[in-house]
Amino acid sequence: MKDANCIFCKIIDGAIPSTKVYEDEYVFAMRDINPQAPVHILVLPKEHICCADAIDESNSVYVAKIFEAIAKIAKAEGLEKGYRVINNCGEDGGQTVMHLHYHILGGVKLSEKII
Ligand code: 5GP
Ligand code: ZN
């Protein structure tokens, strides 16, 4: 199910261009338009799920498939020394696009850990 007003749904449908790095039945991944590291990829479910807070037993297969894809993408991007996976959830979490996504950040020794 797509949301007609969602920018990431439009990207998944090809109505808005993106730099796609991976796609399968459940998952779409693209380079972030405003990269914060040499490798900065967004990994999204192909179904419109607003945020981590909306994950439940009806849609959690997308999360499993996202993390399977993350491992594949990291290998394809040469991130054998490691990387960080981040999800921002909701207003206090700093989420700006309300379609669930996980950031993969890598290609450099990352600093500024908050945990
Ligand atoms: P959030 O702040 O919601 O965790 O992350 C949203 C991310 O989406 C940001 O890093 C932002 O740069 C990225 N972004 C916003 N609009 C677009 C777009 O149209 N295309 C791509 N590739 N990334 C986008
Ligand atoms: Zn969406």
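Given the structure is predicted, the values throughout are model-derived calculations rather than measurements. Every chain is numbered on its own, with residues counted from 1 as its sequence reads. In the order they appear in the text, chains get letters beginning with A and ligands get numbers beginning with 1. With pLDDT at 70 or above as the cut-off, local features in this predicted model cover only qualifying residues; side-chain atom pairs require 80 or more to be listed or tallied, and sums for whole chains, interfaces and linings still use all residues. By convention in this description, side-chain values take in all heavy atoms of the structure and omit both hydrogens and water.

Colleague: Would you mind showing me how to read the packing of aromatic side chains here?
Modeller: Two numbers describe a pair of aromatic rings. These are the distance of the centres and the angle of the planes. Any two rings among Phe, Tyr and Trp, with Trp reduced to its six-membered ring, count as a pair given centres within 6.5 Å; such a pair is stacked if its planes are under 30 degrees apart, edge-to-face if over 60, and tilted if neither. All chains considered together, the criterion is met by 2 aromatic pairs. Ring geometry for Y26 versus Y62: centroids 5.5 Å apart, planes at 75°, classification edge-to-face. Within this pair, whereas Y26 is found in the loop between β1 (20-23) and β2 (27-31), its partner Y62 is found in helix α2 (residues 60-76), the two being separated by 36 residues in sequence. Only protein chains enter the area calculation, which uses a 1.4 Å probe; residues under 20% of their type maximum are buried, those over 50% are exposed, and those in between are partly exposed. What makes Y26 partly exposed here is its relative accessible area of 23%. Secondary structure is summarised from DSSP: a helix means a run of H or I of at least four residues, a strand means a run of E of at least two, and numbering begins at the N terminus for each.

Colleague: Explain the coordination of the zinc ion (ligand 2) to me, please; I cannot follow it from the model alone.
Modeller: The reference angle at a metal is 109.5 degrees if four donors form a tetrahedron and 90 or 180 degrees if six donors form an octahedron. Coordination here is defined by N, O and S atoms within 2.8 Å of the metal (3.2 Å for Na, K and Ca), and since water is not considered, a site can look incomplete. The coordination sphere of the zinc ion (ligand 2), as far as protein atoms go, consists of C6 (SG), C9 (SG), H48 (ND1) and H99 (ND1), spread over 2.0 to 2.3 Å. Coordination geometry of the zinc ion (ligand 2): the 4 donor atoms subtend angles of 107 to 115° at the metal centre, consistent with an arrangement described as tetrahedral. Counting along the primary sequence, the residues that act as donors to the zinc ion (ligand 2) give the motif C-x2-C-x38-H-x50-H. Of this pair, C9 sits in helix α1 (residues 7-13) while H48 sits in the loop between β3 (39-45) and α2, placing them 39 residues apart in sequence. When its relative accessible area of 22% is taken as the criterion, H48 is described as partly exposed. Geometry is assigned from donor-metal-donor angles: four donors are tetrahedral when every angle falls between 85 and 135 degrees, four are square planar and six octahedral when opposite donors sit over 155 degrees apart with all other angles between 65 and 115, and any other arrangement is irregular.

Colleague: Got a minute to help me understand the site of ligand 1 in this structure?
Modeller: Residues are classed as near a molecule or strand on a simple rule: at least one heavy atom within 4 Å of it. The full set close to ligand 1 counts 16 residues, and R31, D32, N88, T96 and H103 are the nearest of them. The definition of a polar contact used here is a pair of N or O atoms within 3.5 Å, where within protein one atom must be able to donate a hydrogen and the other to accept one, and adjacent residues in sequence count solely through side-chain atom pairs. Within the side chain of N88, a nitrogen or oxygen atom sits 2.8 Å from an oxygen atom of ligand 1. Taking H103, its side chain carries an N or O atom lying 2.8 Å from an oxygen atom of ligand 1. Note on areas: Shrake-Rupley with a 1.4 Å probe; residue coverage comes only from the protein chains shown. The fraction of the free accessible surface of ligand 1 (520 Å²) that becomes covered by protein chains is 83%. Taken together, the elements giving at least two residues each to the shell around ligand 1 come down to α1 and β2.

Colleague: Sorry, what's going on with the sheet that holds strand β4 (residues 83-86) here?
Modeller: Backbone hydrogen bonds are what pair the strands of a sheet, in a parallel or an antiparallel way. Strands are labelled as partners when DSSP assigns at least two bridges between them. Taking strand neighbours across the sheet as the criterion, the 5 strands line up as β1-β2-β3-β5-β4 in an open arrangement whose pairing is antiparallel. In this open sheet, the two edge strands, each paired with only one partner strand, are β1 and β4. The average undirected angle you get between the axes of adjacent strands in this sheet is 20°. Strand direction decides the pairing type here: β4 and strand β5 (residues 102-106), joined by 4 bridges, are antiparallel. Within β5, the position partnered with V85 by the bridge is I104. Here, residues are in contact when the closest pair of their heavy atoms is within 4.5 Å. Orientation is described by axes fitted as lines to C-alpha atoms, over the contacting stretch for helices, and by angles from 0 to 180 degrees between their N-to-C directions. Seen against the sheet, α2 touches β1, β2, β3, β4 and β5 and runs at an angle of roughly 155° to β3.

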